[in-house]
Amino acid sequence: MRQLCVCVSVLLVLATLAVARPKADIQLNSNPAPEQKCKSGPVDLVFIIDSSRSVRPHEFETMRKFMIDIIHTLDVGSNATRVGLVQYSSQVQNEFSLKTHAKLQGMVKGINEIIPLAQGTMTGLAIKYVMNHAFTAAEGDRPKVPNVAVIVTDGRPQDRVAEVAAEARDKGIEIYTVGVARADMTSLRAMASPPFEDHVFLVESFDLIHQFGLQFQDKLCGMDLCLESDHGCEHLCESSPGSFHCLCRPGYTLNKDSKTCTAIDLCAEGKHDCEQSCIPSPGAFTCGCNIGYTLNNDKKTCTMIDYCSFGNHSCQHECVDVLNGYFCRCAEGYTLQEDGKTCQMMDLCGEGKHDCEQICIASPGVFTCNCNAGYTLNNDKKTCTNLDLCNTVVHGCEHQCVSTPGSYYCICPEAQLLAEDGKGCGTCRSANIDLVLLIDGSKSVRPQNFELVKQFVNQVVDSLDVSAHGTRVGLVQYSSRVRTEFSLNMYQTAVDIKKAVMNVEYMEKGTMTGLALKHMVENSFSEAEGARKNVPRVGLVFTDGRSQDDITEWAKKAKEAGITMYAVGVGKAVEDELREIASEPHDKHFFYTTDFTFINQIAENLKLNICAEESQGEIEVKNPCACESLVEFQQATMTTLEQLTTKLAGMTARLEDLENQLLSRK
């Protein structure tokens, strides 16, 4: 750009000097005196001359002489200054291109041969032609050589010039505009390159066009305009022959006025690689970090401050860094205490957050299941199964062996009693039994009928020989839940039992018969609640409606456990459910009546004794102090001790076998 300004200034000044020469100097065959040429470097210069009808013939001749005077001051040549000429009116005509003439004489001859077009004033069309054709390699334009266009016009353009001139300037063409007489200053400024005071000129007539060069006469070839003029540059001024331009200090960019400067904000322009924050300075930047972060050695990225590494966190287990601080965390299976630092083991067993059937063994945050003595853990690692000693030891039972947790006992068919050795079966000796009654306390029974149920229970008790060594009675009430009113070993007299029955409170709510049967099998007939070995077990279920849960499983398990089941139904009791509960034959173990007022008749007909064929429902009572009874008791005791010894030996063998299996797996 500096070279462009210099070259045009040279052209204009030399034109001024040429005005005073004799006319003969412009003739092709004339011999002009040699002149001092100002060498400013190579330039590609194109004249754009207005030849519209408003330019009179003598005015055009003045303009022709003006161009010849200018080129006489230039260092013309293929490797120096190249000159092209375009005239325009309503159309554009190329008189000669940049590559046409390599010598001054040829250019002068081409200028003298111009014939004006004498039509309109399409200045924009001319600028477009010069931009797209004159300044091309095909027409002699050279790369990296300044492109300069000088527009001479005397009127207002008849087409748009601002957009096409801006496009030409964007392509690197430096435009000078010379307006004569009627020329429009606004149009001249719209076409010219900035600053306008160096590129826009307006004279009153073509006769005064030589003033275009006179303004630069003192600036030709070496005047330092930065030192000798008010250049207006905010930062730096750089001189060139006959011209100057403004520069900015590093980190600043020149504004559109070509004089003032603005700091280059690389942060705002996104021209940085800071991870978090960018701190701008003119033409540069530094990186910073947000609160809680520190700048890494690469001066770009950030890392969160590791407060845990300071070693003063006091966390019992683990310290976890967070922004601007830290928090304590416990290992798996532990919970953080209120102090936010110490940890406590999570006892899922103690919190009831387990599904073990029998025993829960806690460890931090987890648990394992185990079983009570006499049970083995199933493959699901949760539920337990009785150790079936009947299938693992020689039990010697004549009829049937029944396994219990860690033990077993023998039972006999109905109407027979277990022999004194606890294994054989024989005829009935007594009517001593363990009886558990399950009574329905659901809402459908109603309070007045529940009192009749309690009378029914006491009527059954009256028919039994209740004592510590005779018959034992337990009572369970159920509705939506199950409640043991008293166990088999709680009362030893009929009076105490009947009194306890009358004090039973009515539960109401649902009818969970299956749940009650489960409770009876698992709890009521346990040794802990008074159930005895080698004593017949009898269960009696009293209900007035359909069960709200399934009874099939536990009705079956009750019978498999050797419990003789009786079912008594009233009102809306379901016959199929009652028969499923009752033992075979059903006609001896199943009773039903439509109304509570008739249940006393059922009590009279109920045959609870095991030896029904012999006693016909009557309880055989023996004197416990008789000699026969004492001998019988002694024999039974000895038999029981022998059975326990046998069972203990069997369990010992079983445990040894299990231990050997565990060792072999390891």
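Residues numbered from 1 in each chain as written. Predicted model: local features only at pLDDT ≥ 70, side-chain atom pairs only at ≥ 80, totals over all residues. Heavy atoms only, no water.

The protein is annotated in an unreviewed UniProt entry as Matrilin 4 from Oncorhynchus kisutch. In its Subcellular location (unreviewed entry) section, the UniProt entry covering the protein states "Secreted". (UniProt positions renumbered as here; feature names shortened; annotations may be inferred.)

**Q** Now, about the overall build of the protein: what can you tell me, with residues and values included?
**A** Secondary structure assignment for the protein yields 18 helices and 32 strands. Per element, the accessible surface of the protein, about 34,100 Å² overall, is 51% carbon and sulfur. (Helix = DSSP H or I, 4+ residues; strand = E, 2+ residues; numbered from the N terminus. Areas by Shrake-Rupley, 256 points an atom, 1.4 Å probe, with all protein chains shown as cover.)

**Q** Any details on the environment of Ala-263? Residues and values, ideally.
**A** Positionally, Ala-263 belongs in strand 10 (residues 261-263). Between the C-alpha atom of Ala-263 and that of Cys-248, which follows or precedes it by 15 residues, the distance is 9.2 Å. Once residues within four sequence positions are removed from consideration, Ala-263 is found in contact with Gly-251, Tyr-252 and Pro-282. (Contact = heavy atoms within 4.5 Å.)

**Q** Go over the pairing of strand 16 (residues 325-329) with me, naming the residues and quoting the values.
**A** Each regular strand shows side chains that alternate between the opposite faces of the sheet. As paired elements, strand 15 (residues 318-322) and strand 16 share five bridges and run antiparallel to each other. Residue pairing for strand 16: Asp-321 is matched across the bridge by Tyr-326. Where strand 15 folds back on strand 16, the antiparallel hairpin that results is connected by two residues, among which Asn-324 adopts a positive phi of roughly 65°. (Pairing = 2+ DSSP bridges.)

**Q** Got a sec to walk through the state of the cysteines? Specific residues and values, please.
**A** On inspection of all chains with the given rule, the structure shows 13 disulfides. Here Cys-315 pairs with Cys-328 through a disulfide, and the sulfurs are 1.9 Å apart. Taking the sign of the S-S torsion, -75° for the link of Cys-315 and Cys-328, the bridge is left-handed. Separated by 13 residues along the polypeptide, Cys-315 in the loop between strand 14 (302-304) and strand 15 and Cys-328 in strand 16 bring together distant segments of the chain. Cys-328 matches Cys-315 in its accessibility class, with the two residues each being buried. Between the sulfur atoms of Cys-356 and its disulfide partner Cys-369 the distance amounts to 1.9 Å. On the sign convention where negative is left-handed, the bridge of Cys-356 and Cys-369, at about -80° about the S-S bond, is left-handed. Taken together, the positions of Cys-356 in the loop between strand 18 (343-345) and strand 19 (359-363) and Cys-369 in strand 20 (residues 366-370) put the pair 13 residues apart, joining distant regions of the chain. Pair check on accessibility: Cys-356 and Cys-369 agree, each one buried. (Disulfide = S-S within 2.5 Å. Buried < 20%, exposed > 50% of the residue type's maximum accessible area, 1.4 Å probe, protein only.)

**Q** Explain the sheet that holds strand 29 (residues 482-486) residue by residue, including any values.
**A** Pairing in this open sheet of six strands is mixed, and the strands run 29-28-27-30-31-32 from one edge to the other. Each end of this open sheet is capped by a strand with a single partner; those strands are strand 29 and strand 32 (590-593). Put simply, the sheet's adjacent strands are angled 20° from each other on average, direction ignored. Direction of pairing for strand 30 (residues 537-543) relative to strand 31 (residues 563-570): parallel, over a ladder of seven bridges. Counterpart to Val-538 in the pairing with strand 31 is Thr-564. (Axes fitted to C-alpha atoms, helices over the stretch in contact; angles between N-to-C directions.)

**Q** For the packing of helix 12 (residues 513-524) against helix 13 (residues 552-560), give the residues involved together with the corresponding values.
**A** At their nearest, the axes of helix 12 and helix 13 sit 8 Å apart, and the two run at 25° to each other. In this view, helix 12 runs roughly parallel relative to helix 13, as classed from their interaxial angle. Classified by chirality, the crossing of helix 13 by helix 12 is left-handed. For the pair helix 12 and helix 13, contact is made by Gly-514, Leu-517, Lys-518, Met-520, Val-521 and Glu-522 and by Trp-554, Ala-555 and Ala-558, respectively. Here the residues of the contact of helix 12 with helix 13 sort into six nonpolar, one polar and two charged. (Parallel < 35°, antiparallel > 145°, perpendicular 65-115°, else oblique. Left-handed = near helix turned anticlockwise from the far one by under 90°. Nonpolar A, V, L, I, M, F, W, Y, C, P; charged D, E, K, R; others polar.)

**Q** Account for the environment of Arg-56, with residues named and values stated.
**A** As for its placement among the helices and strands, Arg-56 is situated in the loop between strand 1 (43-50) and helix 2 (57-72). Look at Arg-56 and you get partly exposed, because its relative accessible area is 43%. Along the sequence, Arg-56 and Ala-118 sit 62 residues apart, while their C-alpha atoms lie 8.9 Å from each other.

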